[in-house]
Amino acid sequence: MRFDVVTLFPEQFRILSDEGVVARALKRGLASLTTWNPRDFATDAQRTVDDRPYGGGPGMVMKVAPLREAIAAAKHAAAVAGHDSRVAYLSPQGRRLAQADMQRIAAAPGWVLVAGRYEGVDERLLEAHVDEEWSIGDYVLSGGELAAMVVMDAVIRLLPGALGHADSAAQDSHGDGLLDCPHYTRPELIDGRSVPPVLLSGDHAAIARWRRQQALVRTWQRRPDLLRARGLGEDDRALLDEFMRGRAGTAAEQERNET
Ligand code: 9D3
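Conventions adopted
- Residues numbered from 1 in each chain as written.
- Predicted model: local features only at pLDDT ≥ 70, side-chain atom pairs only at ≥ 80, totals over all residues.
- Heavy atoms only, no water.
- Helix = DSSP H or I, 4+ residues; strand = E, 2+ residues; numbered from the N terminus.
- Expected span 1.5 Å × (residues − 1).
- Buried < 20%, exposed > 50% of the residue type's maximum accessible area, 1.4 Å probe, protein only.
- Near = heavy atom within 4 Å.
- Polar contact = N/O pair within 3.5 Å; in protein donor to acceptor, adjacent residues only side chain to side chain.
- Areas by Shrake-Rupley, 256 points an atom, 1.4 Å probe, with all protein chains shown as cover.
- Axes fitted to C-alpha atoms, helices over the stretch in contact; angles between N-to-C directions.
- Parallel < 35°, antiparallel > 145°, perpendicular 65-115°, else oblique.
- Contact = heavy atoms within 4.5 Å.
- Nonpolar A, V, L, I, M, F, W, Y, C, P; charged D, E, K, R; others polar.
- Pairing = 2+ DSSP bridges.
- Domains from an automatic or database assignment.
- Salt bridge = Lys/Arg side-chain N within 4 Å of Asp/Glu carboxyl O.

1. Some remarks on helix α6 (residues 145–156)
Given a rise of 1.5 Å per residue, 12 residues ought to cover 16 Å, and the 16 Å separating the end C-alpha atoms of α6 matches this to within 8%. Among the residues of α6, E145, A147, A148, M149, V151, M152, A154, V155 and I156 are the ones counted as buried.

2. A closer look at the site of the ligand
Surrounding the ligand, one finds 16 residues, the nearest of these being I136, G137, Y139, L141 and G144. Taking S135, its side chain carries an N or O atom lying 3.4 Å from a nitrogen atom of the ligand. G144 has a polar backbone atom sitting 3.2 Å from an oxygen atom of the ligand. When isolated, the ligand has an accessible area of 570 Å², and the protein chains bury 71% of it. For the shell around the ligand, the elements supplying multiple residues, two or more each, are β5 (86–96) and β7 (132–135). For the shell around the ligand, the leading source of residues is β5, giving 3 residues.

3. Quick look at the packing of helix α8 (residues 204–222) against helix α10 (residues 234–245)
Helix-helix packing is described using two parameters, namely the angle between the two axes and the distance between the axes. Where α8 meets α10, the axes come as close as 9 Å, and the angle between the chain directions of the two elements is 75 degrees. Taken together, the axes of α8 and α10 are roughly perpendicular relative to one another. Residues R209, R212, Q213, L216, V217, W220 and Q221 of α8 form the contact with α10, whose participating residues are D236, L239, L240, E242, F243 and M244. Here the contact of α8 with α10 is built from residues that sort into 7 nonpolar, 2 polar and 4 charged.

4. Some words on the side chain of E132
Tracing the backbone through its elements, the reader meets E132 in strand β7. Accessibility expressed as a relative area gives 11% for E132, which makes it buried. At 2.7 Å, the side chain of E132 and the side chain of R104 are in polar contact. For E132, the contacting residues outside a window of four places in its chain are R86, V87, A88, Y89, R95, R104 and W111.

5. Here's the deal with unusual backbone geometry
Between R186 and the following residue, P187, the backbone shows a cis peptide bond with an omega angle of 5 degrees. By secondary structure assignment, the location of P187 is in the loop between α7 (168–171) and β8 (189–190). Even without being a glycine, Y118 presents a positive backbone phi close to 60 degrees. Among the residues examined, Y118 registers a relative accessible area of 39% and is labelled partly exposed. Although it is not a glycine, D191 adopts a positive phi angle of roughly 55 degrees.

6. Describing the sheet that holds β7
Overall, parallel pairing links the 5 strands, which are arranged β2-β1-β6-β5-β7 in an open sheet. Two strands lie at the open edges of the sheet, namely β2 (32–36) and β7, each paired on one side alone. Here the strands of the sheet are splayed against their neighbours by 30 degrees on average, with no regard to which way each runs. Two elements, β5 and β7, share 5 bridges in a ladder whose sense is parallel. In the strand pairing of β7, L90 is matched with W134. Its contacts with the sheet place α6 against β1 (2–6), β2, β5, β6 (110–115) and β7, and it is angled at close to 175 degrees to β1.

7. What about helix α3 (residues 64–80)?
The terminal C-alpha atoms of α3, which comprises 17 residues, lie 24 Å apart, in line with the 24 Å expected from a rise of 1.5 Å per residue. For α3, the complete set of buried residues consists of V64, P66, L67, A70, I71, A74 and A78. In the core, the buried residues of α3 are packed alongside β1, β2, β4 (61–62), β5, β6 and α5 (123–129). Among the residues trailing α3, G82 stands out with phi positive, at a value near 90 degrees.

8. A closer look at the domain arrangement of the chain
Under the domain assignment used here, the chain contains domain 1 (2–156) and domain 2 (189–258). Distance between the C-alpha centres of domain 1 and domain 2: 41 Å.

9. Here's the deal with the pattern of salt bridges
In this structure the tally under the stated criterion is 16 salt bridges. Linking R212 and D236 is a salt bridge whose minimum nitrogen-to-oxygen distance equals 2.8 Å. Note that R212 is positioned in helix α8 and D236 in helix α10, a separation of 24 residues in sequence. When its relative accessible area of 27% is taken as the criterion, R212 is described as partly exposed. According to the relative accessible area criterion, D236 is buried, its value standing at 11%.

Structure representation (structure tokens):
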């Protein structure tokens, strides 16, 4: 798949292509990344990309024309390479992305990601040239670049061949709507803390069962919203109930009855 990023700070994206899972995927040709600087599409001598907001107020707004031309150039380059790209604008006003969105984004042939700076972009650019508006979460960033990189990281690692183990992405936290179970490695005892004995038992069925139970319990304790969203199958309900019975009469039981 293909990513074209419209950004005033193309150098920031080096962090993706320098090292790590994304860098390897790019090198293997599983995905490509091209940056487009709106400043290169400004036509005045000062190469202006922003201006003061109509109606007054603090900050600056990104002008339509340089962004429009940068997006057009990116879409054209993608089309020439055989990719019918859609355009997404990263913004705090966008729909908040979750793992299911990353799967959908990964299934498209290409995306032009527009990273904003200053107070944002002229609304008419969004109306006429942007297909989707995405947020990565309810906190304030300084610009869209890091958000675009977060999306690309989450999407590119899903592409077949991007990870070492074929099914690593499928087993992930959030892949099946549960948090991950705890992990342990050597030594068996450190600072007085031991490894749960079942993990040393060699009983693979018991280990799988314990890990599933831990994932269920942790999700119930930390992210009950995720459990409510996906529901519980009969086996998972039984595993969670078994854990709850071990805590009968505790405050946890009260909570359990509300789940
Ligand atoms: C402090 C400026 N804010 C005015 C009340 C508006 C504002 C404009 C631009 C706040 C943040 C930004 C820059 N953020 C992004 O471009 C962004 C973002 C984010 O801040 N949070 C979560 N997801 C995203 S995606 C792009």
